[in-house]
Every structure is written in C-alpha cells, then in structure tokens.
Amino acid sequence: MDNAVCMDAEDLERLTRVSSDSFAYSYGQSARKLPKRIVLVRHGESYGNVDESEYTRTPDSQIRLTTNGHAQATETGKQLRKLFDEDFVVDDDDGVSAADSAKSLHPYRVFFYISPYRRSKETALGIARAFDDDAISGVREEPQLREQDFGNFQDASRKKLEKRERQYFGRFFYRFPDGESGADVFDRITIFEDHMVRDIDAGRFDENTNMVLCTHGLTLRLFLMRWFHWTVAEYERIANPANSTPIILERIDDPTVNKGTFHTKELYRLSAESMKGLRGISDVMARMVTPEKNWERALSLSEEEVKWGGGADVAHDDDGVNKDGCAVNAVNNC
C-alpha cells in the first residue's frame, strides 16, 4: 500500500509519456571539474549510541566517540586509503606498490567537510590519519551538516512520547519541541549542497579529489534525498547506515556521455556496495532522475499518508521502528 499513487491511471500514463528528448539542457561551466567521488560517513559509535541517558546530561554537540567508535573511524580511514590508492594501480614489473604509484604518478587529494559535533570531528580525525599530509587538500567545518536538533538536554520519558507521536504524525514533517523537523534539516542541507555544487562547477576541486563528509545518520539520508531528488515517501523507507560505514557517490566516467548536457548531480551514482548499506533503497533511487520522468515517484504516497484514515493509534506505535537520532532506541540513532 506504500506505493499508492494519488492520481488516475490515465493521467499517470499521459504524464509519464513525456520524452526528456524534448527538453534541451545545458549544464556546467567550462571550469567545472567533477571530483572522483563523494564519500558520506556517519560518525563512529558514540556514547549516546550505547547509553541513551547520555543525551539527558551531555549537550548533543559534545557527545564523544567510544573506544569502539575510534577504532571504527581508524578502520574506515584504512578502507578509504586502499580504495583511493587502487584508482591508480599500474602494471609494473619492478614491484612498485599501489600507494607509491598513486603518490608518484597520479596524486589524489582528499577534502573533508565535517559537522561541528565532537563525534563527527573525532571520526574525521580518525579517517584523516590514514592519509599522507600532502594528500589532504583541506577541511571545512559546516554547521549545516550537524545532527537534527532534538531540543537541548533531553528528558528521556518525554522524548519517548515525542518519538511515538512522530511515528503517527510522519517522520519527515514532525518537529520536536524546541528542536527541528526532518524538513528543517532538509532545508539547510539544500543550502549546503547548493554551495558545494557551486564550488564544483567553479573548478574548486581537482578531478582526482575525493570529498569526505563526516556527518550524522539522518543528515546523511537527507543529503542523499536532496542530491538524488528522492520523494518524502522514498526517504521514509530508508534506514540509517551503520556507524562509520562509507556511503559512496561515484562519478560516472562514461566517454559516451556528453557531460555538458547534465547537471552535476546527474553525473554521480551510489556504488553497489553503498546500496547494500542503505536498507530500503531501490535501484531507481541510486541516481538522479530527470523531473519529466518522475511523475509516478512524485505522487506516490508515504506509509504515513497511507495510514491516515486507517485508525493508527499513537499509543501503540512500536519504538523499534525509530530510525533517527535521540534518546530512544539509540543504537540505530544519531
């Protein structure tokens, strides 16, 4: 029932018959350089993830990584270093290592965007230690990448009721008292992405740059929603990735593609491995789809919309379905 579409079949067929070939697009400046990949990383395991009462006594922005969280960040750095080095492996009979080949023949760069929250900074530092100093081209703190604001110090019992109410009201639109809704976070992520794409289009980054964004679970999903133009219904089907698991947007390197006719966001897709880490995603959500082919998706109803009129009872919603951060079901949160 979550695929329900709020339009007649005849209208749907007529609107989806529109051909994208009838629209002439021209994107990209001559200076545009597309980074090799964009890597999104939810922070490592934090004390809030293992003890939900941490949110009641520590400001959310100051919650730190656990020992395991630091180890996760270090391991993620090693994984990314290996991946980036492999971009430039060459066949060599002299036994030159992939890392040496990458450094001497085809140097790559790593640029970090980080949430100002302490756990994200600690994650970024753990990842950065895997790379040579001259490989890191820069770091920028971006408050727009912070976690959803759930309302200062959290009262655990009140937050539990609010989370249940959100399940009834709708996870994207529900605004926590003294905090933000998912829609609020979406709005600030839109601003961040606009600035980032503008920098890409202006040639701010080398084509061998790997952009690493250290952020939070809900913020990461909303970044993908904005980038690929997911609908609200699609967003609400996606669960957080595991702590410190890289979610990678790969540049589409297809020589047959005229990149001048594509928006920057259309030239990236989720890697197959990253799709495995996002429970609930479908193939069509792994790339940006042009709007004239998007009618069925845009008019599909979310689970929250479908259940209205079905007599859902807020008092009996299951806390186990919570997918976002705060002091309830914290293992899958923040």
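Please read all numbers here as calculations on a predicted model, not as lab measurements. (Residues numbered from 1 in each chain as written. Predicted model: local features only at pLDDT ≥ 70, side-chain atom pairs only at ≥ 80, totals over all residues. Heavy atoms only, no water.)

## Points about the overall build of the protein chain
Part 1 of the argument: From N to C terminus, the protein chain includes twelve helices and six strands.
Part 2 of the argument: For the protein chain, contacts bridging at least 24 residues in sequence account for 76% of all contacts bridging at least 6.
Part 3 of the argument: For the protein chain, the accessible surface area stands at approximately 15800 Å², while carbon and sulfur atoms represent 49% of it. (Helix = DSSP H or I, 4+ residues; strand = E, 2+ residues; numbered from the N terminus. Contact = heavy atoms within 4.5 Å. Areas by Shrake-Rupley, 256 points an atom, 1.4 Å probe, with all protein chains shown as cover.)

## A word on the environment of Tyr-174
Part 1 of the argument: Checked against the element boundaries, Tyr-174 lands in the loop between helix H6 (156-169) and helix H7 (182-201).
Part 2 of the argument: When the C-alpha atoms of Tyr-174 and Lys-163 are compared, they prove to be 9.3 Å apart, with eleven residues separating the residues in sequence.
Part 3 of the argument: In this structure, Tyr-174 is in contact with Glu-162, Glu-165, Arg-166, Phe-169, Glu-180, Ser-181 and Gly-182, ignoring residues within four places of it in sequence.
Part 4 of the argument: Polar contacts involving the side chain of Tyr-174 include one to the side chain of Glu-165, which spans 2.6 Å. (Polar contact = N/O pair within 3.5 Å; in protein donor to acceptor, adjacent residues only side chain to side chain.)

## A short note on the nonpolar core
Part 1 of the argument: Counting 40 residues, the largest nonpolar core has Ile-38, Leu-213, Phe-223, Leu-224, Leu-249 and Leu-270 as its most contacted members.
Part 2 of the argument: Mapped onto this core, the elements with two or more residues apiece are strand E1 (37-42), strand E2 (109-114), H7, strand E4 (209-215), helix H8 (217-228), strand E5 (246-251) and strand E6 (268-270).
Part 3 of the argument: The next biggest cluster of nonpolar side chains, apart from the first, holds 18 residues, and it includes Tyr-108, Ile-114, Ala-135 and Val-212. (Core = buried A, V, L, I, M, F, W, Y, C linked by side-chain atoms within 4.5 Å. Buried < 20%, exposed > 50% of the residue type's maximum accessible area, 1.4 Å probe, protein only.)

## Here we look at the side chain of Glu-122
Part 1 of the argument: On the secondary structure map, Glu-122 appears in helix H5 (residues 118-128).
Part 2 of the argument: A distance of 2.9 Å separates a polar atom in the side chain of Glu-122 from a polar atom in the side chain of Arg-64.
Part 3 of the argument: Residues in contact with Glu-122, not counting those within four places in the same chain, are Arg-64, Leu-65 and His-70.

## Thoughts on the confidence of the model for the protein chain
Part 1 of the argument: The pLDDT averaged across the protein chain works out to 83; a share of 75% of its residues lies at or above 70.
Part 2 of the argument: A low-confidence stretch, residues 19-25 (pLDDT under 50), is modelled with nine contacts involving residues beyond four sequence positions or located in other chains.
Part 3 of the argument: Residue range residues 314-334 is modelled with pLDDT below 50. Its contacts to residues more than four positions away, or to other chains, number 79 contacts. (pLDDT = per-residue confidence, 0-100.)

## A look at the sheet that holds E2
Part 1 of the argument: Strand order in the open sheet formed by six strands is E3-E2-E4-E1-E5-E6, and the pairing between neighbours is mixed. Every other strand in the sheet has two partners, leaving strand E3 (136-141) and E6 as the edge strands with one partner each. Each strand of the sheet is rotated relative to its neighbour by a mean of 20 degrees, with strand direction disregarded.
Part 2 of the argument: By the bridge criterion, three bridges tie E5 to E6 in an arrangement that is antiparallel. Its bridge partner lying in E6, Glu-250 is registered against Arg-269.
Part 3 of the argument: Packing of H8 onto the sheet brings it into contact with E1, E4, E5 and E6, and relative to E1 it is tilted by some 150 degrees. (Pairing = 2+ DSSP bridges. Axes fitted to C-alpha atoms, helices over the stretch in contact; angles between N-to-C directions.)

## Digging into the packing of H7 against H8
Part 1 of the argument: Close contact between H7 and H8 brings their axes to 9 Å; oriented N to C, the two are set at 60 degrees. Classed by the angle they form, the pair H7 and H8 counts as oblique. Taken as a pair, H7 and H8 cross one another with a handedness that is right-handed. In contact with Gly-182, Val-185, Phe-186, Ile-189, Thr-190, Phe-192, Glu-193, Met-196 and Val-197 of H7, H8 contributes Leu-218, Thr-219, Leu-222, Phe-223, Met-225, Arg-226 and Trp-227.
Part 2 of the argument: For the contact of H7 with H8, the residue count by class is eleven nonpolar, three polar and two charged. (Parallel < 35°, antiparallel > 145°, perpendicular 65-115°, else oblique. Left-handed = near helix turned anticlockwise from the far one by under 90°. Nonpolar A, V, L, I, M, F, W, Y, C, P; charged D, E, K, R; others polar.)

## Things to note about the packing of helix H3 (residues 67-86) against H5
Part 1 of the argument: Relative orientation of the contacting elements H3 and H5 amounts to 45 degrees, with a least axis distance of 7 Å. In terms of orientation, H3 lies oblique with respect to H5. Seen from above, H3 lies across H5 with right-handed handedness. Contact residues: H3 offers His-70, Ala-73, Thr-74, Thr-76, Gly-77 and Leu-80, while H5 offers Glu-122, Thr-123, Gly-126 and Ile-127.
Part 2 of the argument: Looking at the contact of H3 with H5, its residues break down into three nonpolar, six polar and one charged.

## Quick word on the pattern of salt bridges
Part 1 of the argument: Summed over all chains, the structure comprises 21 salt bridges.
Part 2 of the argument: The residue Asp-87 makes a salt bridge to Arg-37 at a minimum N-O spacing of 2.9 Å. Residue Asp-87 is located in the loop between H3 and helix H4 (98-105), and its partner Arg-37 is located in strand E1; the two are separated by 50 residues in the primary sequence.
Part 3 of the argument: Residue class for Asp-87 comes out partly exposed when judged on its relative accessible area of 29%.
Part 4 of the argument: Residues Glu-273 and Lys-276 are paired through a salt bridge, measuring 3.6 Å at the closest nitrogen-oxygen approach. (Salt bridge = Lys/Arg side-chain N within 4 Å of Asp/Glu carboxyl O.)

## Here's the deal with the packing of aromatic side chains
Part 1 of the argument: Counted according to the given criterion, the structure contains 15 aromatic pairs.
Part 2 of the argument: For the pair Phe-84 and Tyr-108, a centre-to-centre distance of 5.8 Å together with 75 degrees between the ring planes defines the contact as edge-to-face. Separated by 24 residues along the polypeptide, Phe-84 in helix H3 and Tyr-108 in the loop between H4 and E2 bring together distant segments of the chain.
Part 3 of the argument: Overall, the relative accessible area of 0% leaves Phe-84 in the buried class. (Phe/Tyr/Trp six-rings, centres within 6.5 Å; stacked < 30°, edge-to-face > 60°.)

## A word on H5
Part 1 of the argument: When you tally the buried positions in H5, you get eight out of eleven residues, the bulk of the element.
Part 2 of the argument: Within H5, the full set of buried residues consists of Arg-119, Ser-120, Glu-122, Thr-123, Ala-124, Gly-126, Ile-127 and Ala-128.
Part 3 of the argument: Against E1, H3, E2, E3 and E4 lie the buried residues of H5.

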